[in-house]
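Descriptive analysis of the structure
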Amino acid sequence: MSDQTDAAVQPTSLPEPPYYAAIFTSLRTDDDPGGYDHTAEHLSRLVREIPGFLGEDSARTPGGLAISVAYFRDLEGIERWRRHPEHLAAKRRGRERWYERYVIHIARVEHARVFARE
């Protein structure tokens, strides 16, 4: 059964490739979920101010695995985000408190296809 909020969730529409994807796959701890949620929402708003940011997609499984993909026009945008002071502080808190494990992949997107049911 799906609730109405699920219907609003859509994959991000992006320009023609090439562009870059920063793929963050994580497994969370149970520590401070409210603090994590607040920080994640703040960072999601903040990354939109980075020149070259194109959009983001994210999902979480019931078992706690999360995947977030941030898309950028170029590697410079990813580097600006990586070095952003508030992002650095959040990463530090994440390692101390919120994550059991995470992996980051940076990839160049060469091809993209879209399907949408009419």
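Everything numeric in this text was worked out from a predicted model, so none of it was measured. (Residues numbered from 1 in each chain as written. Predicted model: local features only at pLDDT ≥ 70, side-chain atom pairs only at ≥ 80, totals over all residues. Heavy atoms only, no water.)

Next up on the list: the sheet that holds strand 1 (residues 19–28). A sheet is described by the order of its strands in space; here 4 strands give the open sequence 2-3-1-4, paired in antiparallel fashion. In the strand order of this sheet, the two ends are held by strand 2 (53–60) and strand 4 (99–109), each with one partner. Sheet twist, expressed as the mean angle between neighbouring strand axes with direction ignored, is 15°. Inspection of the sheet shows strand 2 paired to strand 3 (residues 65–72) by 7 bridges, in the antiparallel sense. From the neighbouring strand, Ser-58 faces strand 3, where its bridge partner is Ser-68. Strands strand 1 and strand 4 of the sheet are contacted by helix 4 (residues 85–98), whose axis makes an angle of about 140° with strand 4. (Pairing = 2+ DSSP bridges. Helix = DSSP H or I, 4+ residues; strand = E, 2+ residues; numbered from the N terminus. Axes fitted to C-alpha atoms, helices over the stretch in contact; angles between N-to-C directions. Contact = heavy atoms within 4.5 Å.)

Contact geometry for helix 2 (residues 33–47) and helix 4: axes closest at 11 Å, N-to-C directions at 155°. Viewed along their axes, helix 2 and helix 4 adopt a mutual orientation that is roughly antiparallel. Pair helix 2 / helix 4 crosses with left-handed handedness. For the pair helix 2 and helix 4, contact is made by Gly-35, Tyr-36, Thr-39, His-42, Leu-43 and Leu-46 and by Glu-86, His-87, Ala-90, Arg-93 and Trp-98, respectively. Residues that form the contact of helix 2 with helix 4 fall into these classes: 5 nonpolar, 4 polar and 2 charged. (Parallel < 35°, antiparallel > 145°, perpendicular 65-115°, else oblique. Left-handed = near helix turned anticlockwise from the far one by under 90°. Nonpolar A, V, L, I, M, F, W, Y, C, P; charged D, E, K, R; others polar.)

Where strand 1 lies against strand 4, 10 bridges are found, and the strand directions are antiparallel. Each residue of the ladder has a partner; that of Ala-22, found in strand 4, is Ile-106. Note: strand 1 against strand 3, 8 bridges, orientation antiparallel. The residue bridging Thr-25 from the neighbouring strand is Ile-67, located in strand 3.

In this structure, Tyr-20, Leu-43, Leu-46, Val-47, Ile-50, Phe-53, Ala-70, Phe-72, Ile-78, Trp-81 and Ala-90 together form the largest nonpolar core, which totals 11 residues. Of all elements in the fold, only helix 2, strand 3 and helix 3 (75–83) reach the threshold of two or more residues within this core. When residues of this core are assigned to their parent elements, the largest contribution, 3 residues, is made by helix 2. In this structure, Phe-53 is in contact with Val-47, Arg-48, Ala-70, Tyr-71 and Phe-72, ignoring residues within four places of it in sequence. Listed in part, the 5 residues of the second largest apolar core include Tyr-19, Val-69, Tyr-71 and Val-109. (Core = buried A, V, L, I, M, F, W, Y, C linked by side-chain atoms within 4.5 Å. Buried < 20%, exposed > 50% of the residue type's maximum accessible area, 1.4 Å probe, protein only.)

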